[in-house]
Amino acid sequence: MSGHASGGLVYDVAPLTAQHREIARIQRARGRSGLEPSEREALGSLHDGTPPGAPGSEAEVLRLLTRPFSRELAVPEYYQYTCMHVYGWFLDHWPQDPVGAGLLALHTTLLDLLDVERTALRRAGTVPRPDHIAERIALLEGLIGTVRETTADPFAPTRVGELADRATPGTEAARRIALLAECTRFPRSDRHEEHVFLRAVQACESVFFLVRRLAVEVADTAREDGAGAGRRLAQAADCAELLNGIFQVLRTLSPEGFMTFRDQTGQASAVQSLNYNTMEIAVYGFDPRKREIYDSIGHLSVLNSPAVTGYRALSAVLAGTDDPVLSEGWKRLDRGLSRWRGSHYRFARTYLPAGVKASGGTEGAAYVKKFVKKEACRPGDDPVSARELLSGFLFR
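The rules behind these values
Residues numbered from 1 in each chain as written. Predicted model: local features only at pLDDT ≥ 70, side-chain atom pairs only at ≥ 80, totals over all residues. Heavy atoms only, no water. Helix = DSSP H or I, 4+ residues; strand = E, 2+ residues; numbered from the N terminus. Polar contact = N/O pair within 3.5 Å; in protein donor to acceptor, adjacent residues only side chain to side chain. Core = buried A, V, L, I, M, F, W, Y, C linked by side-chain atoms within 4.5 Å. Buried < 20%, exposed > 50% of the residue type's maximum accessible area, 1.4 Å probe, protein only. Contact = heavy atoms within 4.5 Å. Phe/Tyr/Trp six-rings, centres within 6.5 Å; stacked < 30°, edge-to-face > 60°. Axes fitted to C-alpha atoms, helices over the stretch in contact; angles between N-to-C directions. Left-handed = near helix turned anticlockwise from the far one by under 90°. Nonpolar A, V, L, I, M, F, W, Y, C, P; charged D, E, K, R; others polar. Salt bridge = Lys/Arg side-chain N within 4 Å of Asp/Glu carboxyl O.

Novice: Any chance you could break down the side chain of Thr-150 for me, citing the residues and the numbers?
Specialist: Following the sequence through the fold, Thr-150 ends up in the loop between α7 (130-149) and β1 (151-153). Among the polar contacts listed, one links the side chain of Thr-150 to the backbone oxygen of Thr-146, at a separation of 2.8 Å.

Here you go:
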């Protein structure tokens, strides 16, 4: 991978065999929704019949490429679509630096989208609205520049660009980065415009994790180490601003362009996202209005457990703080997340025609609007019980 500002991803550093490339080709030829039942069955059998391999093995890569089709795992549709298992695999390789790894995953996701869009612009004669793509490229370049300048380690301080630039061809980091890009670029349709939607969802998932992880660390350290907590809180606020940058890129997608692939995404909805819902709990506390929703979505029911509903959220830890750094950091974080929720609501209102249900079966914009404000959240008073759950990258 090339992490340099002028470059993109170098895919040939990924150890893909002829079989791996054929598996990827089949899934991308018509989009995953265009697969025949027999093809889906064959991909699922490949996954379930392949024992987990050692890191870097052909078996490891094959399972990354085929997990969404597993019959043994019963992967929820949202996670079939977003391939969060690959992001979880990626972060597992940096257990001592999950925040740096999450930012590197975000950088990789955006760079891959930039590569796709630059290729599309070169083929402007075959892609509708190249002006839209040119705008998207400019926004992506700016956003990637911001990510590169974002602090990966506030105590070093190390920036994301430095981490990316160290991953030169031949390094283990370059191999993992190339695999992350290759094993997550699977739209459901054959429409070019779906790439920006899929990559925006995946990028947001990375940021949900980053904000949540940092929020938990701030809550843990605010009382004993105000200075360190202040640095982490500033980092969380920076990450929240990245969400708004991602949505700027997403809005280069026209409503008409969105509707060309929307039906192919099926019931894959961010309502089902563990990273999103737990981020909100870690920052603001449990929202009792979501209890029924969590119970209706199997993998979210754990969020109704007493350990989670009683977690002492960051909002409670920082309420009334007399530390000016923490107070300003909280305002920045809350402001960034509030802006993102507003953008999410406007997207739902603009891109879903009246009367059309959102993916996941919700009422679309009306559902999103209900949760824009956070007054109903219960901050809780237990700082320990849910900490392990809320600290990790979550997927099913």
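On we go from here.
Novice: Residues and numbers for the nonpolar core, please.
Specialist: In this structure, Leu-103, Leu-106, Val-283, Leu-314, Leu-333 and Leu-337 are the most contacted members of the largest nonpolar core, which totals 123 residues. Per-element tally for this core: the top contributor is helix α10 (residues 194-221), with 17 residues. When residues no more than four places from it in sequence are discounted, the contact partners of Leu-106 are Val-147, Ala-203, Ser-206, Val-207, Leu-242 and Ile-246.

Novice: I'd love a proper account of the packing of aromatic side chains, names of residues and values included.
Specialist: All chains considered together, the criterion is met by 16 aromatic pairs. Ring centres of Phe-247 and Phe-347 lie 6.0 Å apart, and the angle between their planes is 80 degrees; this geometry places the pair in the edge-to-face category. Of the two residues, Phe-247 sits in helix α11 (residues 226-250) while Phe-347 sits in helix α17 (residues 324-351), which places them 100 residues apart along the sequence. The interplanar angle of 70 degrees and the centroid separation of 5.9 Å between the aromatic rings of Tyr-284 and Trp-330 together place this pair among those described as edge-to-face. Taken together, the positions of Tyr-284 in helix α13 (residues 274-284) and Trp-330 in helix α17 put the pair 46 residues apart, joining distant regions of the chain. Among the residues examined, Tyr-284 registers a relative accessible area of 7% and is labelled buried. Using a relative accessible area of 18% as the deciding quantity, one classes Trp-330 as buried.

Novice: Tell me about the side chain of Ser-273, and name the residues and values.
Specialist: Along the polypeptide, Ser-273 turns up in the loop between α12 (255-259) and α13. A polar side-chain atom of Ser-273 sits 2.5 Å from a polar atom in the side chain of Glu-205. For Ser-273, the residues in contact, after removing those within four places along its chain, are Tyr-78, Tyr-79, Glu-205, Phe-208 and Leu-300.

Novice: How would you summarise unusual backbone geometry if you had to cite specific residues and measurements?
Specialist: Omega for the bond connecting Ala-156 with Pro-157 falls within 30 degrees of zero, at -15 degrees, which places this linkage in the cis form. Even without being glycine, Ala-74 reaches a positive phi, approximately 50 degrees. Mapping Ala-74 onto the fold places it in the loop between α3 (58-66) and α4 (77-82). Even without glycine at this site, Cys-83 takes up a positive phi of about 55 degrees. Along the chain, Cys-83 falls in the loop between α4 and α5 (84-92). Classification of Cys-83 as buried rests on a relative accessible area of 0%.

Novice: I'd like a rundown of the packing of α13 against α17, residues and numbers included.
Specialist: Closest axis-to-axis distance for the α13/α17 pair is 12 Å, and the angle between their directions is 145 degrees. When you trace α13 past α17, the crossing you get is left-handed. Contacts from Tyr-276, Met-279, Glu-280, Val-283 and Tyr-284 in α13 reach Trp-330, Leu-333, Asp-334, Leu-337, Ser-338, Trp-340 and Arg-341 in α17. Looking at side-chain class alone, the contact of α13 with α17 contains 8 nonpolar, 1 polar and 3 charged residues.

Novice: Before we move on, can you summarise the pattern of salt bridges with the specific residues and values?
Specialist: For the structure shown, the criterion picks out 24 salt bridges. Across the pair Asp-165 and Arg-148 runs a salt bridge, and its minimum N-O distance is 3.0 Å. Taken together, the residues span a long stretch of sequence, with Asp-165 in helix α8 (residues 160-166) and Arg-148 in helix α7 at a distance of 17 residues. Given the relative accessible area of 12%, Arg-148 is considered buried. The closest approach of N and O atoms between Lys-374 and Glu-280, which form a salt bridge, is 2.6 Å. You can see Lys-374 sitting in the loop between α18 (365-370) and α19 (387-391) and its partner Glu-280 sitting in helix α13, a full 94 residues away along the chain. Each member of the pair, Lys-374 together with Glu-280, is buried.

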